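# Fold and geometry: a report
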Amino acid sequence: MNDRIRTDIAHNARVWNYWLGGKDNYPVDRAVGDRVTALHPGIGAVARADRAFLGRAVTQLTAEAGIRQFLDIGTGLPTADNTHEVAQRIAPDSRIVYVDNDPIVLTHARALLTGTPEGATEYVDADARDPERILAAAAGTLDLTRPVAVLILGILNFVLDLDEARAVVRTLMAAVPSGSYLVVTHPTYDPEVGGEANVAAMEFWNANATPPITARSRAEFASFLDGLDVLEPGIVSCARWRAPEAADVAQYGAVARKP
């Protein structure tokens, strides 16, 4: 077993995998996941809504915006309809770079590296807090002079300092050209989307699992989109992005284009 993999403390990627119905998790992950669910019964719906948002956003960007390059930061453990599967079904020549620094994700990287022969699917072992390293590695697969969709779903909440999180986004988006896109989700405490349920759940998480997490307000979330043109329907619960009939979950989502 990879000596970086700890089975004595719950880890986000494995707990998220458990909530999505996966098998790549340990008893400690299931125990913490069940406790968080008791505090926030809708957390499984958040995980599923975030995943469905990913599918809708990648579909829209591939089919309607003509994007053929994706930089997916914070990949997590592979499940159904990973970014490369969604994009390459529509455009087999799509090129995808996955980024994660979780050792258990790294051990499953080969499951992600199975794209179409016309396209490319690569994996980078890097931390979201090191965007320069991410960009340098991604440039081996992606042409950063052509539009790229940068996907940061449920990851900036692990960058606890807001200024640092903003700097990560600015650095990434500064490196890609006009016509590129940012796709982002983030949990919130805002009551408008049911965020009160996150308060006790996140307190428990931070005391019993890793890495620590934070929520952000709608205004703080909006600051990640500064200088970008936000696509309709704007900043909404990720469950309701281009799915207006869905019920809100306490996780904001948005897609924005670099002008």
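Report follows, based on the coordinates. (Residues numbered from 1 in each chain as written. Predicted model: local features only at pLDDT ≥ 70, side-chain atom pairs only at ≥ 80, totals over all residues. Heavy atoms only, no water.)

### Comments concerning the overall build of the protein chain
We count it as follows: Secondary structure elements follow DSSP: runs of H or I no shorter than four residues count as helices, runs of E no shorter than two count as strands, and numbering proceeds from the N terminus. Our radius of gyration is a C-alpha quantity, and the globule rule it is checked against amounts to 2.2 Å times the number of residues to the power 0.38. Partly exposed describes any residue whose relative accessible area lies between the buried limit of under 20% and the exposed limit of over 50%, with all areas from a 1.4 Å probe on protein chains only and scaled to the type maximum. Residue contacts follow a heavy-atom distance rule, with two residues in contact if any of their heavy atoms lie within 4.5 Å. Under the convention used here, a 1.4 Å probe and the Shrake-Rupley method define accessible areas, while residue burial counts only the protein chains that appear. His is not counted, nor are the chain ends, whereas Lys and Arg count as positive and Asp and Glu as negative. Positions of charges follow a simple convention, taking NZ of Lys, CZ of Arg, CG of Asp or CD of Glu.
Across its full length, the protein chain carries ten helices and ten strands. Whereas a compact globule of 259 residues would reach a radius of gyration of roughly 18 Å, the protein chain reaches 17 Å, a difference of no more than 12%. Its C-alpha atoms give the protein chain principal-axis dimensions of about 45 × 45 × 35 Å. Buried positions account for 53% of the 259 residues belonging to the protein chain. Put simply, of all contacts in the protein chain between residues at least 6 apart along the chain, 73% involve residues at least 24 apart. In the structure as shown, the protein chain presents an accessible area of about 10700 Å², 51% of it carried by carbon and sulfur atoms. Of note, the protein chain has its 24 positive side-chain charges centred 3 Å away from the centre of its 33 negative side-chain charges.

### A few points about the nonpolar core
Here is the rule we go by: For the purposes of this section, nonpolar cores are sets of buried Ala, Val, Leu, Ile, Met, Phe, Trp, Tyr and Cys residues that join through side-chain atoms within 4.5 Å.
Core analysis: the largest hydrophobic core is formed by 46 residues, its most contacted members being L61, F70, L151, V183 and V255. Top contributing element to this core by residue count: helix α3 (residues 43-63), with nine residues. Core analysis: the second largest hydrophobic core is formed by 36 residues, A128, A138, V168 and F221 among them.

### Observations concerning the packing of aromatic side chains
Rules: Ring pairs shown here join Phe, Tyr and Trp side chains whose ring centres sit within 6.5 Å, with only the six-membered ring taken for Trp; geometry is labelled stacked below 30 degrees between planes, edge-to-face above 60, and tilted in between. Counting as a charge over the ring demands two things of the Lys NZ or Arg CZ atom: a distance within 6 Å of the ring centre and an angle within 35 degrees of the ring normal.
Tallied over the entire structure, the rule returns four aromatic pairs. When the ring of W16 is compared with that of W19, the centres are 6.1 Å apart and the planes differ by 70°; the resulting orientation is edge-to-face. Taken as a pair, W16 and W19 lie in helix α1 (residues 12-19) at a separation of three residues, close to a single helical turn. According to the relative accessible area criterion, W16 is partly exposed, its value standing at 23%. With a centroid separation of 6.4 Å and an interplanar angle of 85°, the aromatic rings of F221 and F224 are classed as edge-to-face. Of the two residues examined, F221 and F224, each falls in the buried class. Cluster of aromatic residues (ring-pair linked, three or more members): F221, F224 and Y252. A cation over a ring is seen here: R35 above F204, with NZ or CZ 5.5 Å from the ring centre.

### Some details on the packing of helix α7 (residues 131-138) against helix α8 (residues 162-174)
What counts here: Comment: axis = line fitted to C-alpha atoms, over the contacting stretch for helices; angle = value between 0 and 180 degrees taken between N-to-C directions. Under this scheme an angle from 65 to 115 degrees is roughly perpendicular, one under 35 degrees roughly parallel, and one over 145 degrees roughly antiparallel; angles in between are oblique. Left-handed describes a crossing in which the near helix is turned anticlockwise from the far one by less than a right angle; the clockwise case is right-handed.
In contact at an axis separation of 9 Å, α7 and α8 are set at 25° when each is read in the N-to-C sense. In this view, α7 runs roughly parallel relative to α8, as classed from their interaxial angle. Where α7 crosses over α8, the two elements pack in a sense that is right-handed. Mapping the contact onto sequence places P131, E132, I134 and L135 in α7 and V168, T171 and L172 in α8.

### Things to note about the pairing of strand β10 (residues 251-257)
Put simply, the rule is: In this description, strands pair whenever DSSP reports at least two bridges between them.
Summarising burial for β10: six of the seven residues are buried, a large majority. The pairing of strand β6 (residues 181-187) with β10 spans seven bridges and is classified as antiparallel. Pairing of V183 across the sheet is with V255, part of β10. Here strand β8 (residues 229-230) runs beside β10; their pairing, made up of two bridges, is antiparallel. Each bridged residue has a counterpart across the sheet, and for D229 the counterpart in β10 is R257.

### Topic: the pattern of salt bridges
Formally: Whenever Lys or Arg places a side-chain nitrogen within 4 Å of a carboxyl oxygen from Asp or Glu, that contact is recorded as a salt bridge.
This structure, assessed with the given rule, holds six salt bridges. Between R68 and D93 there is a salt bridge; the shortest N-O distance is 3.7 Å. In this pair, R68 sits in the loop between α3 and β2 (69-73) while D93 sits in the loop between α4 (83-90) and β3 (95-100), placing the two residues 25 residues apart along the sequence. For D163, the salt bridge identified is with R166, shortest N-O distance 3.2 Å.

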